[in-house]
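# Structural overview
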Amino acid sequence: MTFLDMLRAAGRQNGSMLCVGLDPEPTRFPSRLKGDANKIYDFCAHIVDATADLAIAFKPQIAYFAAHRAEGQLERLMEHMRRVAPQVPIILDAKRGDIGSTAEQYAREAFERYGADAVTLSPFMGFDSVQPYLKFEGKGAFLLCRTSNPGGDDLQNQRLSSVPGEPLLYEHVARLAQGPWNLNGQLGLVVGATYPAEIERVRALAPTLPLLIPGVGAQGGDAVATVKAGWREDAPIIVNSSRAILYASGGDDFAEAARHEALRTRDLLQQAARA
Ligand SMILES: O=C(O)c1cc(=O)[nH]c(=O)n1[C@@H]1O[C@H](COP(=O)(O)O)[C@@H](O)[C@H]1O
C-alpha cells in the first residue's frame, strides 16, 4: 500500500484529517513521568493508544528524540504504532535537505531504519536533494512551502524575478511540486495553518497534492479557515496539532485529555469540511 493509499484509507476509517504530532518534551510530561527522558516511549505510546482511532496520520518530530539520545525509543515507537494503528500512516518530521549522496543516507534513515511512510523535506537545495527520496516507491515526501512560523516570510515570500510570472518563492515551490518534480506522484507540500490565504494560493497552484498543515493548537492557527482554504474532496489535507494534544493535561489523566482534545479538533475539522 502506498503512503497515499494509506492516507486515504485512514482518512475514511477514522473520519479524520487530524495528524497527531509527537513532539515529546520530558519537562512537560505529567507528574509520574516528568523530566525522565527514558519515558519518552511510554509517554508517546499512551498518546498513540488514546488517539489511534482519531488520526489520519502520526507525525513524530525526530529532534525531540535525537536531542535526548532517544532514537532507540523512536524505533520502538514506530513498531508500536504499526502494531496498534496499522491503518494510520506515519510521517517522520525530519526536515532533511542535502546533496544527493547524503540525502540517500537520510532517505534510508527515514524509510529503512525507522520505516516511515513519508518524510518532511526542505526543498532549498534543489531537485537533486529531493530525488533520492523518490526512489523509495510509494513513500511520501512533503516539501516545506509556506511554513507556519513568522520567519517563513524572510525567504518564502520573496519574489523570483528570474522566473516567468515573477512568483513568490513559495508559489514556485508549489508549482514545481505539482509539476516537474513530482515524478511518481509522491510529493506533498507543507503549508502553515497560520496563513490561510497562502493555503488557498497553494491549493490553487497544487490542486491534487496532499497538504501537511501544522499550526493549529499551540500556534493559534484557525482550524476552520484552514479547511476552507485547503480541503478538496479529492485532495487530502493533514492538519497537525502537537503540543495542544500532548499536553492537554499535566496530570495522570494526560492520555484521556489528549484523546478529548484530539476528538474536539478532529470533529471541528470535519464539521468545517461539511459546512
Ligand atoms: O514540517 C512541519 O511539521 C512543520 C512545518 C511548519 O511550517 N511548522 C511547524 O510547526 N511544523 C512542525 O509541526 C509541529 C507543530 O507543533 P505544535 O505547534 O505543538 O502543534 C512541530 O513538530 C513543528 O516542527
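As the structure is a computational prediction, the values presented were derived from the model and not from experiment. (Residues numbered from 1 in each chain as written. Predicted model: local features only at pLDDT ≥ 70, side-chain atom pairs only at ≥ 80, totals over all residues.)

## Some words on the site of the ligand
The environment of the ligand is formed by 19 residues, the closest being T147, S148, P214, S242 and R243. Elements that contribute at least two residues to the shell around the ligand include exactly strand 3 (91–96) and strand 8 (237–241). (Near = placed C-beta within 6 Å. Helix = DSSP H or I, 4+ residues; strand = E, 2+ residues; numbered from the N terminus.)

## With respect to the pairing of strand 8
With five of its five residues buried, strand 8 lies for the most part within the structure. Of the two faces of strand 8, the one carrying I237, V239 and S241 and the one carrying I238 and N240 are both buried. When strand 1 (residues 18–22) meets strand 8, the two strands line up parallel, connected through three bridges. Across the sheet, the residue bridging to V20 is S241, located in strand 8. For the segment spanning strand 7 (residues 211–214), helix 10 (residues 223–230) and strand 8, crossover handedness is right-handed. (Buried ≥ 20, exposed ≤ 12 C-beta atoms within 10 Å, placed from the backbone. Pairing = 2+ DSSP bridges. Right-handed = clockwise from strand over helix to strand, strands pointing away.)

## Notes on the pairing of strand 7
A two-sided burial pattern is seen for strand 7, the buried positions comprising L211 and I213 on one face and L212 and P214 on the other. Alignment of strand 6 (residues 187–191) against strand 7, held across two bridges, turns out to be parallel. In the strand pairing of strand 7, V190 is matched with L212. In this fold, strand 6 hands off to helix 9 (residues 196–205), which returns the chain to strand 7; that crossover is right-handed. Note that strand 7 and strand 8 share four bridges and pair parallel. Counted as the bridge partner of I213 is V239 from strand 8.

## Topic: the packing of helix 2 (residues 40–51) against helix 12 (residues 254–274)
Closest axis-to-axis distance for the helix 2/helix 12 pair is 9 Å, and the angle between their directions is 45°. The angle between helix 2 and helix 12 falls in the class oblique. Both helix 2 and helix 12 take part in a crossing whose hand is right-handed. In this structure, helix 2 contributes H46, I47, D49, A50 and T51 to the contact, and helix 12 contributes A255, E256, A258, R259 and A262. (Axes fitted to C-alpha atoms, helices over the stretch in contact; angles between N-to-C directions. Parallel < 35°, antiparallel > 145°, perpendicular 65-115°, else oblique. Left-handed = near helix turned anticlockwise from the far one by under 90°. Contact = placed C-beta atoms within 7 Å.)

## Focus: unusual backbone geometry
The phi dihedral of K95 is positive, around 45°, even though this residue is not glycine. Relative to the elements of secondary structure, K95 occurs in strand 3. In this structure K95 comes out as partly exposed when scored by C-beta crowding, with 16 C-beta atoms within 10 Å. In the Ramachandran plot, E166 falls in the positive-phi region, its phi being about 45° despite a non-glycine side chain. With 11 C-beta atoms packed within 10 Å, E166 lands in the exposed category.

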